[in-house]
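Analysis of the macromolecular model
If you want the building blocks of each chain, they are given just below.
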Amino acid sequence: MAQKTFSTLDISTAAFLELNGIPAKFENQDGRIIFLFPISDRLYELAHAYNSNVPVPVADFVTCLKALRGRMLTARGARNG
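These notes cover the structure that comes with them. If you're wondering where the values come from, they're calculated on a predicted model, not measured in any experiment. Residue positions are counted from 1 within each chain, in the order its sequence is given. Totals for whole chains, interfaces and linings use every residue, but because this is a predicted model, local features are given only for residues with pLDDT of at least 70 and side-chain atom pairs only at 80 or more, for both listing and counting. Neither water nor hydrogens contribute to the side-chain values; these are computed over all heavy atoms in the structure.

Side note on the packing of aromatic side chains
The pairing test for Phe, Tyr and Trp rings, Trp by its six-membered ring, is centres within 6.5 Å, and the orientation test on the planes gives stacked under 30 degrees, edge-to-face over 60, and tilted for anything in between. For the structure on display, the rule yields three aromatic pairs. Centre to centre, the rings of F6 and F37 are 6.5 Å apart; their planes meet at 35 degrees, and the pair counts as tilted. Separated by 31 residues along the polypeptide, F6 in strand 1 (residues 5-8) and F37 in strand 3 (residues 32-38) bring together distant segments of the chain. When the ring of F16 is compared with that of Y50, the centres are 5.4 Å apart and the planes differ by 50 degrees; the resulting orientation is tilted. Residue F16 is found in helix 1 (residues 11-19), and its partner Y50 is found in helix 2 (residues 41-51); the two are separated by 34 residues along the sequence. Helix numbers and strand numbers start at the N terminus; a helix is a DSSP run of H or I with at least 4 residues, a strand a run of E with at least 2.

Dropping the structure here:
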């Protein structure tokens, strides 16, 4: 049985989830990167927190965002091989 996933195109949401311990997987669809996360109660809690505008450590969030963007660009470039 395949595990259900939450998908998003929003890098900010993906960075928030990663910052809070849920690593992203990537799916490359014709050069567009989709961030995938396994569905869990923790994911729903974090999605609610993100949408509720909880405070975050800004420097840590920006570092996570930049690292995720780098991985995303690498994944996008790897689409042909």
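Read on for the rest.
Points about the pattern of salt bridges
Oppositely charged side chains may form a pair once their charged atoms are brought near each other. Counted as salt bridges are all cases of a side-chain nitrogen of Lys or Arg within 4 Å of a carboxyl oxygen of Asp or Glu. A complete count under the given rule lists two salt bridges for this structure. Taking the shortest distance from any N to any O, the salt bridge between R71 and E18 comes out at 2.9 Å. In this pair, R71 sits in helix 3 (residues 58-77) while E18 sits in helix 1, placing the two residues 53 residues apart along the sequence. Whether a residue is buried, partly exposed or exposed follows from its accessible area with a 1.4 Å probe, protein chains only, as a fraction of its type maximum: under 20%, in between, or over 50%, in that order. Taking relative accessible area as the criterion, R71 reaches 35% and is therefore assigned partly exposed. When the shortest N-O distance is used, the salt bridge between E45 and R42 registers 3.6 Å.

A few points about the packing of helix 1 against helix 3
A pair of packed helices is captured by two measures, namely the crossing angle of their axes and the spacing between those axes. Only the stretch in contact is used when fitting a helix axis, every axis being a line fitted to C-alpha atoms; angles between N-to-C directions are given from 0 to 180 degrees. Orientation of helix 1 relative to helix 3, taken along the N-to-C sense of each, is 115 degrees, at an axis distance of 9 Å. The handedness of the crossing between helix 1 and helix 3 comes out as right-handed. Taking contact as the criterion, the partners of I11, S12, A14, A15, F16, E18 and L19 in helix 1 are, on helix 3, D60, F61, C64, L65, L68, R69, R71 and M72. As a working rule, the residues Ala, Val, Leu, Ile, Met, Phe, Trp, Tyr, Cys and Pro are called nonpolar, Asp, Glu, Lys and Arg charged, and the rest polar, with Gly in that last group. Class assignment of the residues belonging to the contact of helix 1 with helix 3 gives a composition of ten nonpolar, one polar and four charged. In this scheme the crossing of two helices becomes right-handed for a clockwise turn of the near helix relative to the far one and left-handed for an anticlockwise turn of less than a right angle. The contact criterion used is simple: two residues touch if any of their non-hydrogen atoms lie within 4.5 Å.

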